[in-house]
Amino acid sequence: MEPSSGSRVGGPGVAPVAAVLPAGGSGERLGGATPKQFCAVQGRPLVSYAVRAMERISWISNIIVVVSPENIETMKSIIEKYGHERVTIVEGGITRHRSIFNGLKVFAENEFSNHLLQKPEVVIIHDAVRPFVEEEIISKVVTAAKEHGAAGAIRPLVSTVIATDADGCLDHSLERARYRASEMPQAFLFDVIYEAYQQCTDYDLDYGTECLHLALKYCKTNAKLVEGTVDLWKVTYRRDLYAAESIIKDSLSQQVCVITDVKEAVAQVGFLLCESLKSQIAVETITLSLRKNDHLQHIFTGQCYNLVYVNDKKCAIQEMQQLVDMVEKSDIPLLYPVVLILVCLDISENISFSIGVEELTRIKKFSREVKKKNFLVYGLLIQ
């Protein structure tokens, strides 16, 4: 499949960096007919979160998603629905290592792609079922891979590892403090990991699981191990889907942006609202006039999904539409729903100030329309 947009370079250094996401697993341990990478979390397939995590990093030039033959069309529809860019879909093999090898081949062998992609200096390998990965840890493993040839994230062991004898009895245990759990992401100089896969035995391709081991075994490249964060865990069992959903919901509720009009009374209400909220969540206040087409792009760099718009109009549909249009251009609603709360402030002495049936109908219609774009609109009238 052709990449969905042109390549970009940058990031740590100037040479191109690419990512390979193996997504060909059957999800046997999860149970059910749907492979776990295509299971929905908050209405969005798990693999889409992993793709988006890479996509948000501008210095990653190409994202290779490796899926089983029967799921290629499913992956194509996910890319189209969520507007993913710089993505190439590759047909996977019968094992994890064979799938990763196929993903690497699109940079070196024409038969695995409609056209040869630019060979990166460094390639990231990351599981499609590890949705919570930040740019910081990716940058660390990429930088370490440039220096050492290979690098990978690790975490302390939670449980002690033991070995059993032939009778199923305890043989020995490992000293937990000396060992670490290998996690993702991992990164390699492309020439190192590609050579390792080329020299791989069929046994390693069929039964191996650790890419860092291949680099050491076949290229004598000793990987640098980078301490990872607690959110690098892998969705394996059904309970992990519920945990992932809980993490997403919690992260979405940690920040709110309060947008107010330039009028002094309205701005003051916005300030008081922020003061009352800041002890509970992170709050940012923006004072502007939407009617003057002020730019909001700078407030979206933090990926805020909760917006409160305070104004003194009974039915600020036009202003709300402008706000929705600006948020939509940032692609934020593609990932999670955006909560937009309209606060109508009555600062007049007119006791008849109220939301009439006509205005209420307009607000409800507007809410239904923008819900299709992943916006949830709420209204509050303060007198």
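Located above this text is the structure these notes cover.
Bear in mind the structure is a predicted one, so any value in this text is a computation, not a measurement.

Quick notes on the rules
- Residues numbered from 1 in each chain as written.
- Predicted model: local features only at pLDDT ≥ 70, side-chain atom pairs only at ≥ 80, totals over all residues.
- Heavy atoms only, no water.
- Helix = DSSP H or I, 4+ residues; strand = E, 2+ residues; numbered from the N terminus.
- Buried < 20%, exposed > 50% of the residue type's maximum accessible area, 1.4 Å probe, protein only.
- Contact = heavy atoms within 4.5 Å.
- Polar contact = N/O pair within 3.5 Å; in protein donor to acceptor, adjacent residues only side chain to side chain.
- Axes fitted to C-alpha atoms, helices over the stretch in contact; angles between N-to-C directions.
- Parallel < 35°, antiparallel > 145°, perpendicular 65-115°, else oblique.
- Nonpolar A, V, L, I, M, F, W, Y, C, P; charged D, E, K, R; others polar.
- Expected span 1.5 Å × (residues − 1).
- Arc of directions from axis to C-beta.

**Topic: the overall build of the chain**
Alright, step 1. Broken down by element type, the chain carries eleven helices and 16 strands.
Alright, step 2. When burial is assessed residue by residue, the chain has 48% of its 383 residues classed as buried.
Alright, step 3. Sequence separation of 24 or more characterises 76% of the internal contacts of the chain that already satisfy a separation of 6 or more.

**A closer look at the side chain of Thr95**
Alright, step 1. Within the fold, Thr95 resides in the loop between strand S5 (87–91) and helix H3 (96–105).
Alright, step 2. In this structure the side chain of Thr95 is engaged in a polar contact, spanning 2.6 Å, whose partner is the backbone oxygen of Leu205.
Alright, step 3. Residue contacts for Thr95: discarding those within four places in its chain leaves Leu205 and Asp206.

**With respect to the packing of helix H10 (residues 317–329) against helix H11 (residues 357–371)**
Alright, step 1. It is the contact of H10 with H11, at a shortest axis distance of 11 Å, that shows an interaxial angle of 10 degrees. Viewed along their axes, H10 and H11 adopt a mutual orientation that is roughly parallel. For the pair H10 and H11, the contacting residues are Ile317, Met320, Gln321 and Val324 in the first and Arg362, Ile363, Phe366 and Val370 in the second.
Alright, step 2. Here the residues of the contact of H10 with H11 sort into six nonpolar, one polar and one charged.

**Observations regarding helix H4 (residues 135–148)**
Alright, step 1. The terminal C-alpha atoms of H4, which comprises 14 residues, lie 20 Å apart, in line with the 20 Å expected from a rise of 1.5 Å per residue.
Alright, step 2. Listing the buried residues of H4 in full gives Ile137, Ile138, Val141, Val142, Ala144 and Ala145. Buried residues of H4, seen end-on, are gathered within an arc of 165 degrees and therefore sit on one face of the element. Facing away from the buried side of H4 by over 90 degrees, the exposed positions are Glu136 and Glu147.
Alright, step 3. Gly149 sits one or two residues past H4 and shows a positive phi near 95 degrees.

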